[in-house]
Amino acid sequence: MKRSILYISILALCLSVSCKSDKKEDATENTETTTTEVETKAEDKSRETANPKDEPAYYADKKKATVTLDPKSNSGVSGSVVFTQDQGVVTMIAVLDGLSQGQHAIHIHEKADCTSDDGKSAGGHWNPTGQPHGKWGDEAGYHKGDIGNVTADANGHATITMITDQWCIGCGDETKDILGKAIIVHQGVDDFKSQPSGAAGSRVSCGGIIQ
Ligand SMILES: [Cu+2]
């Protein structure tokens, strides 16, 4: 009698264990199904954004212009400037080489014309708002092309970054649009006072901002 009770107990135990393990498997299967659904939704989303018609407005705002700077006034100063626009903000990264050690003025000038040997074909400072020359952000006024000074190390290498919502790349607003203008690097330092261009001396490098 005692033995049969033992058998029944063991049988009951076995059943309950197998039952539990079945439930566990069910739960695992459910989780897997849910994961697959999420993955499918994520794939659908990436497909949506790949279609230009469905892109949010800020994707359409992304623009880029790369400028190559060529030596002027027999200087040997070269470089590149990359402008990118994202959500109404333009980032400029300029990398220069061949400069003498120390500070040099860097501006945006009126015309994307670097044909002359002295760089003067690029015209005067780009100043679409008719302000006096000055330091960027100065209350007394400044040109939209008054980037400022860049400092070259002993190897003649210099970099400068600028981030502003006062420029745009090809938006058509003549007070903001940098397309069709030129980057000019000067031999001398911009004093932020002398009119109309900061007494920065000769033009040692020039590049048109075109797409
Ligand atoms: Cu200048």
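These figures come from a predicted structure and were not determined experimentally.

A. Up close: the overall build of the protein chain. Helix and strand counts for the protein chain come out as two helices and eight strands. In sequence order, the secondary structure elements of the protein chain are arranged as α-α-β-β-β-β-β-β-β-β. Relative to its full complement of 211 residues, the protein chain shows a buried share of 27%. Sequence-distant contacts, at least 24 apart, represent 61% of the contacts inside the protein chain between residues at least 6 apart.

B. Quick look at the confidence of the model for the protein chain. Mean pLDDT over the protein chain works out to 81, with 72% of the residues at or above the 70 mark. In this model, residues 4–52 is a region of pLDDT below 50 whose contacts with residues beyond four sequence positions or in other chains number three contacts.

C. Structural context of the sheet that holds strand β8 (residues 203–208). Reading across the sheet, the eight strands line up as β5-β4-β7-β8-β1-β2-β3-β6 and stay open at both edges, with antiparallel pairing between neighbours. Lying at the two open borders of the sheet, with one neighbouring strand each, are β5 (148–152) and β6 (158–164). Neighbour-to-neighbour, the strand axes of the sheet open up by a mean angle of 20°, direction not taken into account. Sheet topology note: the strand β4 (residues 102–109)/β5 ladder contains five bridges and is antiparallel. Residue Q103 lies in a different strand from β5, and its bridge partner there is T151.

D. A look at the nonpolar core. Formed by 32 residues in total, the largest nonpolar core has its most connected members in L69, V81, L96, I106, A182, I183 and V185. Looking at this core, the elements with two or more residues in it are β1 (63–71), β2 (78–86), β3 (89–97), β4, β5, β7 (182–186) and β8. In contact with A182, other than residues within four places in its own chain, are I108, H109, K111, A112, D113, C114, A122, C206, G207, G208 and I209.

E. Molecular detail of unusual backbone geometry. In this structure, the amide linkage connecting Q195 to the following residue, P196, adopts the cis form with an omega of 5°. One non-glycine residue, Q87, adopts positive backbone phi at about 50°. Following the sequence through the fold, Q87 ends up in the loop between β2 and β3. One non-glycine residue, F192, lies in positive phi territory at about 60°. Residue F192 is classed as partly exposed on the basis of its 18 C-beta neighbours within 10 Å.

What counts as what
Residues numbered from 1 in each chain as written. Predicted model: local features only at pLDDT ≥ 70, side-chain atom pairs only at ≥ 80, totals over all residues. Helix = DSSP H or I, 4+ residues; strand = E, 2+ residues; numbered from the N terminus. Buried ≥ 20, exposed ≤ 12 C-beta atoms within 10 Å, placed from the backbone. Contact = placed C-beta atoms within 7 Å. pLDDT = per-residue confidence, 0-100. Pairing = 2+ DSSP bridges. Axes fitted to C-alpha atoms, helices over the stretch in contact; angles between N-to-C directions. Core = buried A, V, L, I, M, F, W, Y, C linked by C-beta atoms within 7 Å.

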